[in-house]
Amino acid sequence: MYHIISIKDFERAEIDELLDKAQAIDQDPGPFTSLNGRQVALLFFEPSTRTRMSFASAVARLGGSSICVDSVEGSSISKGETLADTVRVVSSYVDVIVLRHPKEGAARLAAEFASVPVINAGDGAGQHPSQTLLDLYTIRQSMPLEGIDVGLLGDLRYGRTTHSLAYALSNYDLTIHTIAPETLEMPTSLKDELLDRGCEVVEHDDITDVINDLDVLYATRIQRERFPDAASYYNVAESYRITPELLENRKEQMIVLHPLPRASEIDPRVDALPCAKYFEQARNGVPVRMAMLEEVI
Amino acid sequence: MPEEPKALLIRPIRDGTVIDHITHGEALTVLRILGITGTTGEKLSIATNVDTRIAGTGGLKDIVKVSNRELSKEEVDRIALIAPNATINIIRNYLVVEKIGVEIPRYLRGVIRCTNPGCISNANEPIESAFGVSPNGLRCHYCDTVISSDYAQHII
Ligand SMILES: [Zn+2]
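Residues numbered from 1 in each chain as written. Chains lettered and ligands numbered in written order. Predicted model: local features only at pLDDT ≥ 70, side-chain atom pairs only at ≥ 80, totals over all residues. Heavy atoms only, no water.

A.B. asks: Would you mind going over the overall build of chain B with me for this structure?
C.D. replies: When helices and strands are tallied, chain B shows three helices and nine strands. Going from the N terminus to the C terminus, chain B shows its helices and strands as α-β-α-β-β-α-β-β-β-β-β-β. Principal axes of the C-alpha set define a box for chain B whose edges measure 60 × 35 × 25 Å. Going through the 156 residues of chain B one by one, you find that 42% of them count as buried. At a minimum sequence separation of 6, the contacts of chain B that also span at least 24 residues come to 59%. Roughly 8900 Å² of accessible area belongs to chain B as shown, and the carbon and sulfur atoms make up 50% of that amount. (Helix = DSSP H or I, 4+ residues; strand = E, 2+ residues; numbered from the N terminus. Buried < 20%, exposed > 50% of the residue type's maximum accessible area, 1.4 Å probe, protein only. Contact = heavy atoms within 4.5 Å. Areas by Shrake-Rupley, 256 points an atom, 1.4 Å probe, with all protein chains shown as cover.)

A.B. asks: How should I be thinking about the overall build of chain A in this particular structure?
C.D. replies: For chain A, the count of helices and strands is ten helices and nine strands. Relative to its length of 297 residues, chain A is compact, with a C-alpha radius of gyration of 19 Å against a globular reference of 19 Å. Oriented by its inertia axes, the alpha-carbon framework of chain A measures out at about 55 × 45 × 40 Å. The proportion of buried residues among the 297 residues of chain A is 56%. Across chain A, contacts joining residues at least 24 apart in sequence account for 75% of those joining residues at least 6 apart. (Rg over C-alpha atoms; globule rule 2.2 N^0.38 Å.)

A.B. asks: Explain the interface of chain A and chain B here, please?
C.D. replies: How big an interface is tends to be stated in terms of the accessible area lost upon association of its parts. Across the contact, 15 residues belong to chain A and 15 residues belong to chain B. On the chain A side of the interface with chain B, the three residues burying the most area are Lys103, Glu104 and Leu109 of chain A, jointly 40% of the side's total. On inspection of chain A and its partner chain B, the count reaches two salt bridges. Note that glutamate 193 of chain A is salt-bridged to arginine 139 of chain B, the shortest N-O span being 3.6 Å. Summed over the shared surface of chain A and chain B, the number is nine residue pairs in polar contact (both at pLDDT 80 or more). Of all elements in the fold, only helix H4 (83–91) and helix H5 (106–113) of chain A reach the threshold of two or more residues within the side of chain A that touches chain B. (Buried area = accessible area lost by both parts, 1.4 Å probe. Salt bridge = Lys/Arg side-chain N within 4 Å of Asp/Glu carboxyl O. Polar contact = N/O pair within 3.5 Å; in protein donor to acceptor, adjacent residues only side chain to side chain.)

A.B. asks: Explain the coordination of the zinc ion to me, please; I cannot follow it from the model alone.
C.D. replies: For a metal with four donors in a tetrahedral arrangement, the ideal angle between donors is 109.5 degrees, while six donors in an octahedron ideally sit at 90 or 180 degrees. Residue and element names in this part refer to chain B. Within the protein, Cys114 (SG), Cys119 (SG), Cys140 (SG) and Cys143 (SG) serve as the donor atoms for the zinc ion, at 2.3 Å. Coordination at the zinc ion comes from four donor atoms whose angles at the metal span 101 to 117 degrees, giving a geometry best classed as tetrahedral. On the primary sequence, the residues serving as donors to the zinc ion are separated as C-x4-C-x20-C-x2-C. Highlighted residues: cysteine 114 in the loop between strand E6 (107–109) and strand E7 (130–134) and cysteine 140 in strand E8 (residues 137–140), separated in sequence by 26 residues. Of the two residues examined, cysteine 114 and cysteine 140, each falls in the buried class. (Donors = N, O, S within 2.8 Å, 3.2 Å for Na, K, Ca; no water. Tetrahedral: all angles 85-135°; square planar, octahedral: opposite > 155°, others 65-115°.)

A.B. asks: Explain the packing of aromatic side chains to me, please; I cannot follow it from the model alone.
C.D. replies: Ring pairs (aromatic) are described by centroid distance and by the angle formed between their planes. Residue and element names in this part refer to chain A. All told, the structure shown has three aromatic pairs over all chains when counted by the stated rule. Taken together, a centroid distance of 5.9 Å and an interplanar angle of 55 degrees make the contact between phenylalanine 227 and tyrosine 233 tilted. Per residue, the accessibility class of phenylalanine 227 equals that of tyrosine 233, and both read buried. Clustering of aromatic rings is evident, with ring pairs tying together Phe227, Tyr233 and Tyr234. (Phe/Tyr/Trp six-rings, centres within 6.5 Å; stacked < 30°, edge-to-face > 60°.)

A.B. asks: Please clarify how the pattern of salt bridges should be interpreted in this entry.
C.D. replies: All names here are of chain A. With the rule as written, the count across this model stands at 27 salt bridges over all chains. With a shortest N-O distance of 3.1 Å, aspartate 26 and arginine 283 are connected by a salt bridge. Within this pair, whereas aspartate 26 is found in helix H1 (residues 12–27), its partner arginine 283 is found in helix H10 (residues 278–296), the two being separated by 257 residues in sequence. Between arginine 241 and aspartate 267 there is a salt bridge, with the nearest N and O atoms lying 3.6 Å from each other. Linking arginine 241 in the loop between helix H9 (230–239) and strand E9 (255–257) with aspartate 267 in the loop between E9 and H10, this pair joins segments that are 26 residues apart in sequence.

A.B. asks: Where do I start with the domain arrangement of chain B in this structure?
C.D. replies: Residues and elements named next belong to chain B. In terms of domains, chain B is made up of domain 1 (16–101) and domain 2 (107–154). Taking the mean C-alpha position of each, domain 1 and domain 2 sit 24 Å from one another. At the interface, five residues of domain 1 touch eight residues of domain 2. Carbon and sulfur atoms make up 73% of the area that domain 1 and domain 2 hide from each other, which totals about 530 Å². When the buried area of domain 1 at its contact with domain 2 is split by residue, Arg78, Leu81 and Ile82 rank highest and sum to 80% of it. For the pair domain 1 and domain 2, the interface holds one residue pair in polar contact (both at pLDDT 80 or more). Residues that form the side of domain 1 that touches domain 2 fall into these classes: three nonpolar, no polar and two charged. (Domains from an automatic or database assignment. Nonpolar A, V, L, I, M, F, W, Y, C, P; charged D, E, K, R; others polar.)

A.B. asks: Got a minute to help me understand helix H6 (residues 129–142) of chain A in this structure?
C.D. replies: Every α-helix winds through 3.6 residues per turn, so residues three or four apart in the chain are directed the same way. Residue and element names in this part refer to chain A. Across its 14 residues, H6 extends 21 Å between first and last C-alpha, which sits within 8% of the 20 Å expected from 1.5 Å per residue. Burial within H6 is extensive, with eleven of its 14 residues counted as buried. Within the span of H6, buried status applies to Pro129, Ser130, Gln131, Thr132, Leu133, Leu134, Asp135, Leu136, Tyr137, Thr138 and Ile139. (Expected span 1.5 Å × (residues − 1).)

A.B. asks: Sorry, what's going on with the side chain of glutamate 42 of chain B here?
C.D. replies: Residues and elements named next belong to chain B. Summarising the element assignment, glutamate 42 is placed in the loop between helix H2 (27–33) and strand E2 (43–51). Looking at glutamate 42, the relative accessible area reads 18%, which means it is buried. Each residue touching glutamate 42, except ones within four places of it in the same chain, is listed here: Ile36, Val66 and Arg69.

A.B. asks: Whenever I open this one, the sheet that holds strand E4 (residues 118–123) of chain A confuses me. Can you help?
C.D. replies: Sheets are built from strands that pair by backbone hydrogen bonding, the pairs being arranged parallel or antiparallel. Residue and element names in this part refer to chain A. Strand order in the open sheet made by the four strands is E2-E1-E3-E4, with parallel pairing throughout. Edge positions in the open sheet fall to strand E2 (65–69) and E4, since each of these has one partner strand only. Shown here is a sheet whose adjacent strand axes are inclined to one another by a mean of 15 degrees, direction ignored. As judged from the five bridges shared by strand E1 (residues 39–44) and strand E3 (residues 96–101), these two strands associate in the parallel manner. Of the residues in E3, the one forming a bridge with leucine 42 is valine 98. Along the sheet, helix H2 (residues 49–61) contacts E1, E2, E3 and E4; its crossing angle with E1, the most-contacted strand, is approximately 180 degrees. (Pairing = 2+ DSSP bridges. Axes fitted to C-alpha atoms, helices over the stretch in contact; angles between N-to-C directions.)

Structure representation (structure tokens):
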């Protein structure tokens, strides 16, 4: 049985194959029938409306039906019951389990107890492979993944999307630029891992140093609660804000991505620029998740 | 001349396992890892801070003798993290029939607790903690957290 738990479990060739599959799905007008007569449980133990809707849409487009259990029902399910038991029981109702859970490693555990394939839709501060795959997919729509300069901007210490993306990018021959405020830099253990994997990593604290060299700028939220007071937060948020002025001398093929929802990281005036790909990125969640579902069934 | 007190410190056993050259001060932790609690029935002799001439030990070691139980290599390898120089002697009828060193296994189950409070292995689930062992330390099978020092503090 095949599960999708962590991007770290993927070889580069497997990532490429999944992205190719997503592309084929994207270009095919359908209708799709691979999930005809099959049911998928969307077990969401913490709220994530977008991820859940995106999976539900992917299931429906493949001709399947989904049973959603959201965080409120999820918490009553989990009352007094282990995740292991929940997963064993739900396995007997459905053909695939999509799991979102606040504890890191929850999807790995679920896969050990499930008798059907498990897809990780985010586990706490841990892995979120569907997000990473759709991020890669969106970059690949604009340019090959080889030889490019990718800037990761924002909270690189706690932000899990950037951690898995950085790891996935280290499969390719490219340069990662980290752009993070003091105290929110990428953890040393991750940086070492990227270097070990032969990736070039360049650290910056000022975005203006590097913006004109980037092919991809991946922005993430900087959360207010990471800062001791409002003033220091606003200072940082302001100096990391992406504006049309900042992007004036960007490379021609450069694109701006963001996992959304955004706060003030990206000026809404950027939306009109051709480099703004974050809504496209959100849309890509559906074909990528369709490809993941097809992969596991 | 009275017998030298050192010889009385820990008596030979007839059958069982002697774990020698334990890093000094770790004998009780070793027993905990092996699941030998004093209520589990084995007859135990424990000597701590025994003189040793082996270099790099600070001149001291601990010894544990477990009567009437032959520990398997798999069991004792679990102590290798905190007592890497330990040797295991299997005793039958007062004779050492087997003498082996400990090796850190490639995979450690149920020995170390993950330091990440958000890790599923610290929740109430029917699983043992699990770590992959590499030169950089121990990597949690569930959440990827790496523990690279102070192993003894994280023993379950
Ligand atoms: Zn863990």
